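# Structural features, examined
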Amino acid sequence: MPYTQPMAIGEVAPRRRIYLAVGIVTLVSTVVAGGLIFPVLTRTPASTGETLQLDGALRPGTPEFERYRERLVIDSPEATASPRALGDLVVALKTNVRNETGRRVDGLEMRGVVLNAQGTPVGERIAVIIPLQQTALEPGEEMSVRMLIEGVSPDAERAGARVEVTGLRFD
């Protein structure tokens with residue numbers, strides 16, 4: 001065991017001040033960090049007002065959109081629910097989209113919906129898939145699409161899911 005010199009009585013007070021200062025700085029920094037992180041963790045997509053929309057896209061209701069939407073083949077989505085620390089669920093939807101339009105798709109906006117037994121949505125999200133997840137979808141090409149739907153109540157009955165095209169753009 002190494003030898004340490006005996007401590008004088010006058011040296012105890014400066015150490016206590018240092019420990020007190022370090023403790024106060026640690027407490028203040030923890031409170032500040034918590035104050036910055038808490039709003040980010042507790043926000044829900046509905047309260048943020050964030051809605052991404054595909055600019056210059058064909059929209060439902062136009063004859064051209066309806067003609068091309070039928071040629072984008074969407075497989076039945078697989079839904080996986082996971083609980084979050086906030087007490088709600090995140091539902092991950094995964095599906096495949098195949099381009100049979102004969103044209104290169106450079107913009108694709110889709111809507112994912114979690115449905116109850118009556119067909120009423122219990123959670124939904126609109127997301128821009130192309131160009132955010134992939135740059136383009138060539139004719140005959142297939143891509144995997146993933147969407148996260150946050151804020152689904154754990155008490156909500158989840159009977160199915162649906163993914164549909166809400167915006168389409170060609171180059």
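Please refer to the structure higher up on the page.
Residues numbered from 1 in each chain as written. Predicted model: local features only at pLDDT ≥ 70, side-chain atom pairs only at ≥ 80, totals over all residues. Heavy atoms only, no water.

### Some points on the environment of F65
- Checked against the element boundaries, F65 lands in helix α3 (residues 63-69).
- By relative accessible area, F65 is classed as buried at 0%.
- Separated by 103 residues in the primary sequence, F65 and L168 have C-alpha atoms spaced 7.2 Å apart.
- Apart from residues lying up to four places away in sequence, F65 is in contact with L58, R59, P60, V165, T166, G167 and L168. (Helix = DSSP H or I, 4+ residues; strand = E, 2+ residues; numbered from the N terminus. Buried < 20%, exposed > 50% of the residue type's maximum accessible area, 1.4 Å probe, protein only. Contact = heavy atoms within 4.5 Å.)

### Digging into the pattern of salt bridges
- By the definition in use, this model includes 13 salt bridges.
- A salt bridge links E64 to R103; its shortest N-O distance comes to 3.9 Å. With E64 in helix α3 and R103 in the loop between β3 (89-99) and β4 (105-115), this pair connects stretches of sequence that are 39 residues apart.
- Classification of E64 as partly exposed rests on a relative accessible area of 32%.
- The exposure class of R103 is partly exposed, given its relative accessible area of 31%.
- Put simply, R84 and D88 hold a salt bridge, and the shortest N to O gap is 2.6 Å.
- Given a relative accessible area of 23%, R84 falls into the partly exposed group. (Salt bridge = Lys/Arg side-chain N within 4 Å of Asp/Glu carboxyl O.)

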